Amino acid sequence: MKENWKAIPMPVRYLINLVLIAVFILSGSAMVQNGVVSGYYTKILMLVGINIILTVSLNVATGYLGQLPLGHAGFMAVGAYTAGIFLKAVNAAHASGVHYVLLVAVALLLAGIMAGVFGIIIGVPALRLKGDYLAIITLGFGEIIRVAITNIDSTLGFEFTYGAAGLKRIPKITNFLNVFLCVALTCAVIHVIMKSRHGRAILAIRENEIAAESCGIKTTYYKVMAFTVSAFFAGVAGGLYAGYLGSLYPSTFGFMKSIEILVMVVLGGMGSMLGSVVSGTVLTILPELLRQFSDYRMVLYSLLLVLMMIFRPIGLMGTYDFSLSRVLEKFINLGKGGKKEVSE
């Protein structure tokens, strides 16, 4: 059998994606620095990037693993406070050059690691449960984290998180460049994991956990792994969020924040990274577009979500993931009818 379809080699695919991502990030950063994009829209874009990281990371546990955790805001809070306390302690606001870049990188890495540790601590007992029980216990853990942040100062005997008064005067290290660099790294790492044998094991658990275990897949190991990866990137998003706002309050990371992130995942399509990116973008920008209808903004926002769930319950993208390489291959092979031709 002879196949006439010309495929793009894998290294070339990754090179094309890398070049396009670099062009987007660098050109966007240049436009922001030169004032082409106003400060208001820059802040919205940064919030879009943070929400994309949160949505894509939660999609690992919900869409790919098939579980229903409701404590994602708790991991975000751990990452946010870790990065905020670190940045204040090292006085990152007065750093510059390479020293500044290293401090920001270390802050985000610490935020992710600390959230990942909490992901392991919570995931080991929680992932023994399924369905509603898992949702309830992760919701409980998320609230425990919020309450602990609020009251830990009285236990320690000194000011650490500053409780309900909030952690303030955090150096604002978040900008367009580091946000979308983190978005690209998050999507790339999760994509590589899901295309590896570990990702196939996670998908097998989603389809049928009993069958996966009977085939020799270590279901507990891979469930905790997926949960930890999800928590790690939620922590990174929390670190960016701390550097975006400059002040943190425990009430920000309540139950409704977890629901907001979950809605983004469901709206985009559980199991679709492109869907998570699109929904994270749309649901961040939409409230701003409806700000002129301030009295009815949340009503219209909720109505759009309800209509979406009625007419497109699988989400905007379902399980579809866009591939630039497939589009380019179709373009290259237009002379062959745009499809694979097999001759004997």
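Our subject is the structure listed above.
Residues numbered from 1 in each chain as written. Predicted model: local features only at pLDDT ≥ 70, side-chain atom pairs only at ≥ 80, totals over all residues. Heavy atoms only, no water.

**Student:** Can you tell me about the overall build of the protein, naming the residues and giving the values?
**Tutor:** Looking only at helices and strands, the protein has 13 helices and two strands in total. Here the protein holds 344 residues, and the buried ones make up 44% of them. The long-range fraction of contacts in the protein, counting pairs at least 24 apart against all pairs at least 6 apart in sequence, stands at 80%. Accessible surface computed for the protein: about 17,900 Å², of which carbon and sulfur atoms make up 69%. (Helix = DSSP H or I, 4+ residues; strand = E, 2+ residues; numbered from the N terminus. Buried < 20%, exposed > 50% of the residue type's maximum accessible area, 1.4 Å probe, protein only. Contact = heavy atoms within 4.5 Å. Areas by Shrake-Rupley, 256 points an atom, 1.4 Å probe, with all protein chains shown as cover.)

**Student:** Break down unusual backbone geometry for me, with residues and values.
**Tutor:** Of note in the backbone geometry, Y162 takes a positive phi value of approximately 65° without being a glycine. Its place among the elements puts Y162 in the loop between helix 5 (131-156) and helix 6 (176-195). Backbone geometry at R169 places phi at a positive 55°, although glycine is not the residue there. Mapped onto the elements, R169 comes out in the loop between helix 5 and helix 6.

**Student:** Pulling in residues and values, what's your account of the nonpolar core?
**Tutor:** Membership of the largest hydrophobic core comes to 78 residues, with the highest contact counts inside it found for I190, L248 and F253. Among the elements of the structure, helix 2 (39-64), helix 3 (72-89), helix 4 (97-126), helix 5, helix 6, helix 7 (197-207), helix 9 (219-245) and helix 10 (255-268) are those that each provide at least two residues to this core. Here the element with the most residues in this core is helix 9; it accounts for 15 residues. Ignoring any residue separated from it by four or fewer positions in sequence, one finds L248 in contact with A80, Y81, G166, L167, I170, Y241, A242 and F253. Counting five residues, the second-largest nonpolar core is a separate cluster that includes M264, L283, L305 and M308. (Core = buried A, V, L, I, M, F, W, Y, C linked by side-chain atoms within 4.5 Å.)

**Student:** Talk me through the pattern of salt bridges; I want residue IDs and the actual numbers.
**Tutor:** All told, the structure shown has four salt bridges when counted by the stated rule. Between R206 and E207 there is a salt bridge whose closest N-O contact spans 2.9 Å. You can call R206 partly exposed: its relative accessible area is 30%. A salt bridge links E209 to K223, with the nearest nitrogen and oxygen atoms 3.3 Å apart. Of the two residues, E209 is situated in helix 8 (residues 209-214) and K223 in helix 9; the sequence distance between them amounts to 14 residues. (Salt bridge = Lys/Arg side-chain N within 4 Å of Asp/Glu carboxyl O.)

**Student:** Go over the packing of helix 3 against helix 4 with me, naming the residues and quoting the values.
**Tutor:** A packed helix pair is summarised by two numbers, namely the angle formed by the two axes and the spacing between the axes. As a packed pair, helix 3 and helix 4 sit with axes 8 Å apart at the nearest point and diverge in direction by 145°. As helix 3 runs across helix 4, the sense of the crossing is right-handed. The residues of helix 4 that touch helix 3, namely those facing F75, V78, G79, T82, A83, F86 and L87, are L103, V106, A107, L110, A111, M114, A115, F118, G119 and I122. The class makeup of the residues in the contact of helix 3 with helix 4 is 14 nonpolar, three polar and no charged. (Axes fitted to C-alpha atoms, helices over the stretch in contact; angles between N-to-C directions. Left-handed = near helix turned anticlockwise from the far one by under 90°. Nonpolar A, V, L, I, M, F, W, Y, C, P; charged D, E, K, R; others polar.)

**Student:** Explain the side chain of S57 to me, using residue names and the numbers behind them.
**Tutor:** Along the chain, S57 falls in helix 2. Residue classification places S57 among the buried residues on the basis of a relative accessible area of 0%. Apart from residues no more than four positions distant in its own chain, S57 is found in contact with H72, I190, S230, F233 and A234.

**Student:** If you had to explain helix 1 (residues 10-33) to someone new, which residues and values would you point to?
**Tutor:** End to end, helix 1 covers 35 Å across 24 residues, agreeing with the expected 34 Å (1.5 Å per residue, within 8%). For helix 1, the secondary structure elements touched by its buried residues are helix 6. One or two residues past the end of helix 1 sits G35, with phi positive at roughly 80°. (Expected span 1.5 Å × (residues − 1).)

**Student:** Lay out the packing of aromatic side chains in plain terms, naming residues and giving numbers.
**Tutor:** Tallied over the entire structure, the rule returns 11 aromatic pairs. Aromatic side chains F158 and F160 sit 6.4 Å apart centroid to centroid with 80° between the ring planes, which places their arrangement in the edge-to-face category. Judged by relative accessible area, which is 34%, F160 ranks as partly exposed. For the pair F176 and F180, a centre-to-centre distance of 4.6 Å together with 35° between the ring planes defines the contact as tilted. (Phe/Tyr/Trp six-rings, centres within 6.5 Å; stacked < 30°, edge-to-face > 60°.)

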